[in-house]
Amino acid sequence: MTTRSKFFLVAMLLLVFGCNKTIETLPVLDIPPPDPCRTRVWEPLDSVTIDTIFNTHGSYRDFVVTRKGVVALSESGKLFRWEPGSRRAKRLTDRSGISAIALDKNENIYFVERDKNIYRYDATGKLNLAGRLDSAIHRLAINSKSEVFAITSYGIHSIDTQQKFFPDSLPNNPFVIPRFWYKPSCTLVDSADNLWIGFDYGEWGGNLISFNTITRKFNPILFDSVLISWLPVMSVFEGAKKTIYATNGLAHFSVSGAILAIE
């Protein structure tokens, strides 16, 4: 009988007869096979489980982390706050039809209502109208100076200065509509105040845009041998040494994926 077969046999016996020995944490590799009465114990996730929050109000599309807890935007367009130690998420505001949220360095929460109205919910609970656009707002981005930017299909709008920015060219432009891009799949403001915008075009690939929110200029991206026209961008995040990563995935006749690293 092989070692693996012996292990499964012992596991089955434990399910039948149980074990009274103390549970301990094992190393990742244990040679010879571990004592059948010992098992791995993972670090607990505190008293609140993910399912408890997820099932309370349905699924969520986005969230921000504050010092008071997590503020989550539900698929139904409502804002909820979950505080550590609580088993329930509570409504943050009576406003509904919310489509995007963002957080500034002073813990003020910005959100878009009815696609065009931007509200600021400050740390004291006061709600104010922060801006309004004629174009539907897909996402919000806030830099380290608490400057608010709205991303629409017609570019990047500065809420503070009312300026609009659109690049002279796009790395991948499969749809010929002048100065227009489709709804982005993800955004990120990195530690250098660059706004990254990712696009997912499905079988037509994707796009990745970088805009410096301080200089108000677009950063050129050199894709080397990578063909962005083959890679729909799913998410963007910042790693060590200020490297920006973008995840890509496509299910079209076959399933493929990649991770891009932008130095």
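What counts, and where the lines are drawn
- Residues numbered from 1 in each chain as written.
- Predicted model: local features only at pLDDT ≥ 70, side-chain atom pairs only at ≥ 80, totals over all residues.
- Heavy atoms only, no water.
- 1 Å grid on protein atoms, 1.4 Å probe; cavity = no way out; pocket = protein on both sides within 12 Å on 5 of 7 lines; lining within 4 Å.
- Points joined across faces, edges and corners; volume = space filled by probe spheres on them.
- Phe/Tyr/Trp six-rings, centres within 6.5 Å; stacked < 30°, edge-to-face > 60°.
- Helix = DSSP H or I, 4+ residues; strand = E, 2+ residues; numbered from the N terminus.
- Buried < 20%, exposed > 50% of the residue type's maximum accessible area, 1.4 Å probe, protein only.
- Lys NZ or Arg CZ within 6 Å of the ring centre and 35° of its normal.
- Nonpolar A, V, L, I, M, F, W, Y, C, P; charged D, E, K, R; others polar.

Report on empty space enclosed by the protein, specifying residues and quantitative values.
With the rule as written, the count across this model stands at one cavity of 30 Å³ or more. Approximately 30 Å³ is the volume found for the largest cavity. Every residue lining the largest cavity is listed: Leu 170, Asn 173, Pro 174, Phe 175, Phe 180, Trp 181, Tyr 182 and Tyr 201.

Describe in detail the packing of aromatic side chains, supporting the description with residues and values.
Ring pairs (aromatic) are described by centroid distance and by the angle formed between their planes. All chains considered together, the criterion is met by 11 aromatic pairs. With a centroid separation of 5.1 Å and 40° between ring planes, the pair formed by Phe 165 and Phe 211 is classed as tilted. Separated by 46 residues along the polypeptide, Phe 165 in strand 12 (residues 164–165) and Phe 211 in strand 15 (residues 206–212) bring together distant segments of the chain. The same class applies to Phe 165 and to Phe 211, which are both buried. Between Phe 199 and Tyr 201, the ring centres sit 6.2 Å apart and the planes meet at 35°, which makes this aromatic pair tilted. The class of Phe 199 is buried, set by a relative accessible area of 1%. A relative accessible area of 10% places Tyr 201 in the buried class. Of the aromatic side chains, those joined through ring pairs into one cluster are Phe 149, Phe 165, Phe 211 and Phe 218. Looking at Arg 91, its charged tip hangs above the ring of Phe 80, at a distance of 5.9 Å from the centre.

Lay out the layout of surface pockets in plain terms, naming residues and giving numbers.
Here the largest pocket defines a volume of roughly 790 Å³. Contributing to the lining of the largest pocket are 33 residues, with Asp 62, Ile 101, Arg 139, Leu 140 and Thr 187 lying nearest its centre. Taken together, the elements giving at least two residues each to the lining of the largest pocket come down to strand 1 (60–66), strand 5 (98–103), strand 9 (137–142), strand 13 (186–189) and strand 17 (233–238). Take the lining of the largest pocket: its biggest share by element is six residues, from strand 9. Split by residue class, the lining of the largest pocket holds 18 nonpolar, seven polar and eight charged.

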